[in-house]
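Below, each chain spelled out in residue letters.
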Amino acid sequence: MGIFKRIKSIAVADINCAIDKMEDPTTMLKQYLRELEEEIKKGENALANQLFIEKKYEALIAEAISVIEKRARQAQLAVDQNEEDIAKLALQDKIAQEKKLTIAKATYETVKKQTTTVYAQVKKLKETYEELQQKKLALIARANVAEVTNQVNGSLASFSPESAVKGFARMEEQILNLEAKASASQSFYEMNRSKEAQYLNKALQDEVQLELEKLKQSKTTTV
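The written sequence of each chain sets the order in which its residues are numbered from 1. In view of the model being predicted, local features appear only for residues whose pLDDT reaches at least 70, and side-chain atom pairs are presented and counted only at 80 or more, with totals across whole chains, interfaces and linings using the full set of residues. Derived side-chain values reflect all non-hydrogen atoms in the structure, with water molecules and hydrogen atoms excluded from consideration.

**Notes on the overall build of the chain**
Defined as follows: Secondary structure elements are taken from DSSP: a helix is a run of H or I of four residues or more, a strand is a run of E of two residues or more, and numbering for both begins at the N terminus. Per-residue accessibility, obtained with a 1.4 Å probe over protein chains only, is compared with the maximum for each type, and a residue is labelled buried under 20%, exposed over 50%, and partly exposed between these values. Contact between two residues is taken to exist if any of their heavy atoms lie within 4.5 Å; hydrogens are not considered. Exposure was quantified through the Shrake-Rupley algorithm and a 1.4 Å probe, taking into account, for residues, occlusion by the shown protein chains and nothing else.
Looking only at helices and strands, the chain features six helices and zero strands. Along the chain, helices (α) and strands (β) appear in the sequence α-α-α-α-α-α when read from the amino end. The buried share among the 223 residues of the chain stands at 19%. Taking contacts inside the chain between residues at least 6 apart in sequence as the whole, the part at least 24 apart equals 82%. By element, 56% of the accessible surface of the chain is carried by carbon and sulfur atoms, the whole surface being about 17,400 Å².

**Comments concerning the environment of Ala62**
Structurally, Ala62 can be placed in helix α3 (residues 25-80). Taking C-alpha positions, Ala62 is 8.9 Å from Leu101, a pair spaced 39 residues apart along the chain.

**Things to note about the confidence of the model for the chain**
Our working rule: pLDDT measures the predictor's confidence residue by residue and takes values from 0 up to 100.
Averaged over all residues, the pLDDT of the chain equals 78, while 72% of them reach at least 70. Taken element by element, the predicted model of the chain shows its lowest mean pLDDT in helix α1 (residues 5-12) (51) and its highest in α3 (91).

**Digging into a nonpolar patch on the surface**
Which entries qualify depends on this criterion: Patch definition: residues with relative accessible area over 30% and no salt bridge; like charges joined within 9 Å; nonpolar side chains (Val, Leu, Ile, Met, Phe, Trp, Tyr) joined within 5 Å. By convention in these notes, a salt bridge is any Lys or Arg side-chain nitrogen within 4 Å of a carboxyl oxygen on Asp or Glu.
Side chains of Phe168, Met171 and Ile175 sit close together on the surface and give an oily, nonpolar patch of about 320 Å² of accessible area. As for its placement among the helices and strands, Phe168 is situated in helix α5 (residues 161-203). With a relative accessible area of 58%, Phe168 lands in the exposed category.

**As for the side chain of Thr128**
The condition is simple: In protein, a polar contact requires one atom able to donate a hydrogen and another able to accept it; more generally it is a pair of N or O atoms within 3.5 Å, and residues adjacent in sequence count only if both atoms are side-chain atoms.
For Thr128, the location among the structural elements is in helix α4 (residues 84-158). A polar contact of 2.8 Å, which involves the side chain of Thr128, links it to the backbone oxygen of Lys124.

**Here's the deal with the environment of Thr110**
With respect to the secondary-structure elements, Thr110 resides in helix α4. Residues Thr110 and Glu54, spaced 56 residues apart in sequence, show a C-alpha to C-alpha distance of 9.6 Å.

**Digging into the side chain of Glu54**
For the record, the criterion: None of His or the chain ends enter the tally, which takes Lys and Arg as positive and Asp and Glu as negative.
Here Glu54 shows up in helix α3. In this structure, Glu54 is buried with no salt-bridge partner, the nearest side chain bearing the opposite charge being Lys112 at 6.1 Å. Every residue in contact with Glu54, bar those within four places of it in the chain, is listed here: Tyr108, Val111, Lys112 and Thr115.

Written out as structure tokens, the structure reads:
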């Protein structure tokens, strides 16, 4: 059937090989699946139409059988009552209905075969779709790994170990310089603190001496 022509190229395509030549593999894979989804919808619609036609012919066959049986009874009743003309009319319609029944049954069998074919093709489309869905996941994963690998390799190619060593050496030199400045600053601070303590001690000597004299006088008075 015409609605299934596209699936042939999709089913037989070597996607694993073609993906390496695609500019954007993910986009192409999604496009394949979208086209396949459209074909599945067309197939399902065709199958629904076939099933409808089947039901229609089943109804026609059932109706024809019912009319044939009815006309047979009418013809027999007319014969029993010696009404030959009525019997002929009933038999005429019975024969016509039997011919219609034969044609309807033949057409019904053809429709059933077509329905079976359409069903098989839709089933194949769905199976192919599921298979491609699985392949899509695997191929997208491969594409992602390849992209990341290329990026890493590009970074490694532009990376220079010698430049990194020199850079670390410069940073180490700067840190040592900062540590030396910090150490010198701490030494100056401690020296200033020491001088300040000495200055304060000297400034308090008179007061300390005065308090000492007071303590000695208090001791003498107590004794």
